[in-house]
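# Remarks on the overall topology
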Amino acid sequence: MGFLDILLGRTKAVAPDLDQLFGLPSAALTLQAAAGFTPTGTGAVCFASVEGGAFAQAHQEVQELLDADAERTGPPVEVSRDEYGYSWLVSRRAPDDLPALVSDLHAVNSALEGSGFGPQLLCSVAGFQDTGQRRLGLVYLYKRGTFYPFAPLAGEAQRRDNALELQVKAALADDLRIEQDLSRWFPIWGAPGL
């Protein structure tokens, strides 16, 4: 960053740090102790779809890589598209195998980034729930290198539990790099597993 950037208030974009995803298993322990939420075993990577053979090839290779995992006991990796036109690559693992789920999310992000499609990556999410069936997603913003909680309320209306999100933010402040700009806590309505 140069002197002119400082004077004009421009900031340098934060480089994605995919290794931050590996902090999720320890954060899950804190989340369970602080708020009673446990992993659902579902996680997903969201990306903007791109037309073309190169992207289709990279996407196919990622899916084949994850489907070839001999340890996978659930359904194969799924691809879905939400009502906003974004694609989600969904992985399901046993709820007590969060490290394997995190490895899946990391592999998808790394493979797409390595194929030159980093700009299409938007976020990754790992699902959690409590005994009252409240849902919570810990969302990793690829372009910011930070996490934030997303807690949709049950029902048809698109509403979220802001109090729970702030409680989770405070609880996980020492475990994950939490996004401090609340305006960046985008709702991910229709995300698989939430």
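The structure reproduced in this document is the subject of the present report.

Criteria and cut-off values
Along each chain, the written sequence defines residue order, and numbers are assigned to residues from 1. Only residues with pLDDT of at least 70 get local features here, since the model is predicted, and only at 80 or more are side-chain atom pairs given and counted; chain-wide, interface and lining totals rely on the full set of residues. Note that water and hydrogens are dropped before the side-chain values are worked out from all heavy atoms of the structure. Nine residue types can take part in a nonpolar core, namely buried Ala, Val, Leu, Ile, Met, Phe, Trp, Tyr and Cys, and a core is a set of them joined through side-chain atoms within 4.5 Å. Accessible area is worked out with a 1.4 Å probe on protein chains only. A residue is then buried under 20% of its type maximum, exposed over 50%, and partly exposed in between. Two residues qualify as a contact provided that any one of their heavy atoms is within 4.5 Å of a heavy atom in the partner residue. The pairing test for Phe, Tyr and Trp rings, Trp by its six-membered ring, is centres within 6.5 Å, and the orientation test on the planes gives stacked under 30 degrees, edge-to-face over 60, and tilted for anything in between. Only DSSP runs of H or I covering at least 4 residues are called helices, and only runs of E covering at least 2 are called strands; the numbering of each starts at the N terminus. One speaks of a salt bridge when a side-chain nitrogen belonging to Lys or Arg is within 4 Å of a carboxyl oxygen belonging to Asp or Glu. Two strands make a pair as long as DSSP finds a minimum of two bridges between them. Axis definition: a line fit to C-alpha positions, over the contact stretch in the case of helices; interaxial angles, taken between N-to-C directions, run 0 to 180 degrees. Read the arc as the range of directions from the helix axis to the C-beta atoms.

In this section: the nonpolar core. In globular proteins that are soluble, nonpolar side chains generally tend to be buried together. Grouped together as the largest cluster of nonpolar side chains are 51 residues, with contacts concentrated most on Trp88, Leu112, Phe128 and Ile188. Beyond its immediate chain neighbours, meaning those up to four positions away, Trp88 contacts Ala44, Val45, Cys46, Glu78, Val79, Ser80, Asp82, Cys123, Val125, Ile188, Ala191 and Pro192.

Okay, the packing of aromatic side chains next. The tally for this structure, following the rule as stated, stands at three aromatic pairs. Pairing Tyr140 with Phe147 gives two aromatic rings, centres 5.1 Å apart and planes at 55°, and the pair type is tilted. Using a relative accessible area of 0% as the deciding quantity, one classes Tyr140 as buried. Measuring from centroid to centroid gives 5.2 Å for Phe150 and Trp189, while their planes differ by 75°, and the two rings are edge-to-face. With Phe150 in strand β6 (residues 146-150) and Trp189 in the segment after α5 (162-171), this residue pair connects regions lying 39 residues apart in the sequence. Comparing Phe150 with Trp189 shows no difference in burial state: the two are buried.

As enumerated under the stated definition, the model contains eight salt bridges in all. Taking the shortest distance from any N to any O, the salt bridge between Arg160 and Glu165 comes out at 3.0 Å. A single burial state applies to Arg160 and to Glu165, both of which are buried. Among the salt bridges present, the one from Arg184 reaches Asp181, with a minimum N-O distance of 3.8 Å. The class of Arg184 is partly exposed, set by a relative accessible area of 31%. Looking at Asp181, the relative accessible area reads 32%, which means it is partly exposed. Three or more residues joined by partner-sharing salt bridges are found here, namely Asp130, Arg134 and Asp161.

The buried fraction of β6 amounts to five of the five residues, a majority that puts the element mostly inside the structure. Side chains Thr146, Tyr148 and Phe150 of β6 all project onto a buried face; the interleaved residues Phe147 and Pro149 project onto the opposite face, where all are buried too. Where strand β5 (residues 135-141) meets β6, five bridges bridge the pair, whose relative direction is antiparallel. Looking at β6, one finds that Tyr140 is bridged to Phe147. The turn joining β5 and β6, which pair antiparallel and follow one another in sequence, is formed by four residues; a positive phi near 70° is taken by Gly145.

Turning our eyes to something else, we now look at the sheet that holds strand β2 (residues 78-81). Here six strands make up an open sheet; going across it, the order is β2-β3-β1-β4-β5-β6 and the pairing antiparallel. Of all strands in the sheet, those with a lone pairing partner are β2 and β6, marking the two edges. When the angles between neighbouring strand axes are averaged without regard to direction, this sheet yields 25°. Relative to β5, strand β4 (residues 121-129) runs antiparallel, the two being bridged by seven bridges. Among the inter-strand pairings, Ala126 is bridged to a residue of β5, identified as Leu138.

This next bit is on α5. For an α-helix, the turn length of 3.6 residues means that residues three or four places apart are oriented alike. Looking only at α5, the buried set comprises Leu164, Glu165 and Val168. In an axial view of α5, the angular spread of the buried residues amounts to 100°, which keeps them on one side of the axis. Turned more than 90 degrees from where α5 packs its buried face, Ala163 and Ala170 sit exposed. Structurally, α5 contributes buried residues whose contacts are with α2 (24-35), β5 and β6.

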